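# Summary of structural features
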Amino acid sequence: MKDIKIDSNTKFGENIFCLVLDKKGKILEFYPEKIADQKIFKQVRKMVLSDDYNKWQPANFYVVKVGYIFKFKLIIDKSFENYHLKNEWAMPNDSNFGEFKNM
């Protein structure tokens, strides 16, 4: 979050981003699935595609390297009460929902 700049004109809301990786871990595409503020998308895109963060590994499916789509949310708001914080893309045991539940 330290690399994301938020100002008084930033629109609050949920941003969902998708990163498409091939079986070698190379980024094929980065796109928004849902966007609250275009400026936030541009900042995240620049960060994700930068050399500092571009160190992705391919997914493994029964020891076979496969491409995948990695989705993540970035919520910018003063309150999280109106958002679904459970990671619906993860397996039940992989969710970090408990970390947010008691905030």
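These numbers come from a predicted model, not from an experiment.

The next thing to look at is the sheet that holds strand β5 (residues 68-76). Taken together, the 3 strands give an open sheet; going across it, the order is β2-β1-β5, and neighbouring strands pair in antiparallel fashion. Of all strands in the sheet, those bounded by a partner on one side alone are β2 (27-34) and β5. Averaged over all pairs of adjacent strands, the angle between their axes in this sheet comes to 20°, without regard to strand direction. Taken together, the 9 bridges between strand β1 (residues 13-21) and β5 define a ladder with antiparallel strand orientation. The residue bridging cysteine 18 from the neighbouring strand is lysine 71, located in β5. Of the strands in this sheet, β1, β2 and β5 are in contact with helix α1 (residues 38-49), which crosses β2 at around 160°.

This part takes up the packing of aromatic side chains. The tally for this structure, following the rule as stated, stands at 8 aromatic pairs. Between phenylalanine 17 and phenylalanine 41, the ring centres sit 6.0 Å apart and the planes meet at 25°, which makes this aromatic pair stacked. Of this pair, phenylalanine 17 sits in strand β1 while phenylalanine 41 sits in helix α1, and the two are 24 residues apart along the sequence. The same class applies to phenylalanine 17 as to phenylalanine 41, namely buried. Plain terms: the ring middles of phenylalanine 17 and phenylalanine 72 are 5.4 Å apart, the flat faces sit at 50° to each other, and that makes the pair tilted. Placement of phenylalanine 17 in strand β1 and of phenylalanine 72 in strand β5 is noted, with a sequence separation of 55 residues between them. Under the relative-accessibility criterion, phenylalanine 72 is labelled partly exposed at 21%. Members of the aromatic cluster, connected to one another through ring pairs, are Phe17, Phe30, Phe41, Trp56, Phe70 and Phe72.

This next bit is on unusual backbone geometry. Despite not being glycine, tyrosine 62 shows a phi value in the positive range, around 50°. Counting through the fold element by element, tyrosine 62 comes out in the loop between β3 (59-61) and β4 (64-66). Here valine 63, not a glycine, exhibits a phi torsion of approximately 70°, which is positive. You can see valine 63 is positioned in the loop between β3 and β4. Since its relative accessible area comes to 77%, valine 63 is described here as exposed.

Cut-off values and rules
Residues numbered from 1 in each chain as written. Predicted model: local features only at pLDDT ≥ 70, side-chain atom pairs only at ≥ 80, totals over all residues. Heavy atoms only, no water. Pairing = 2+ DSSP bridges. Helix = DSSP H or I, 4+ residues; strand = E, 2+ residues; numbered from the N terminus. Axes fitted to C-alpha atoms, helices over the stretch in contact; angles between N-to-C directions. Contact = heavy atoms within 4.5 Å. Phe/Tyr/Trp six-rings, centres within 6.5 Å; stacked < 30°, edge-to-face > 60°. Buried < 20%, exposed > 50% of the residue type's maximum accessible area, 1.4 Å probe, protein only.

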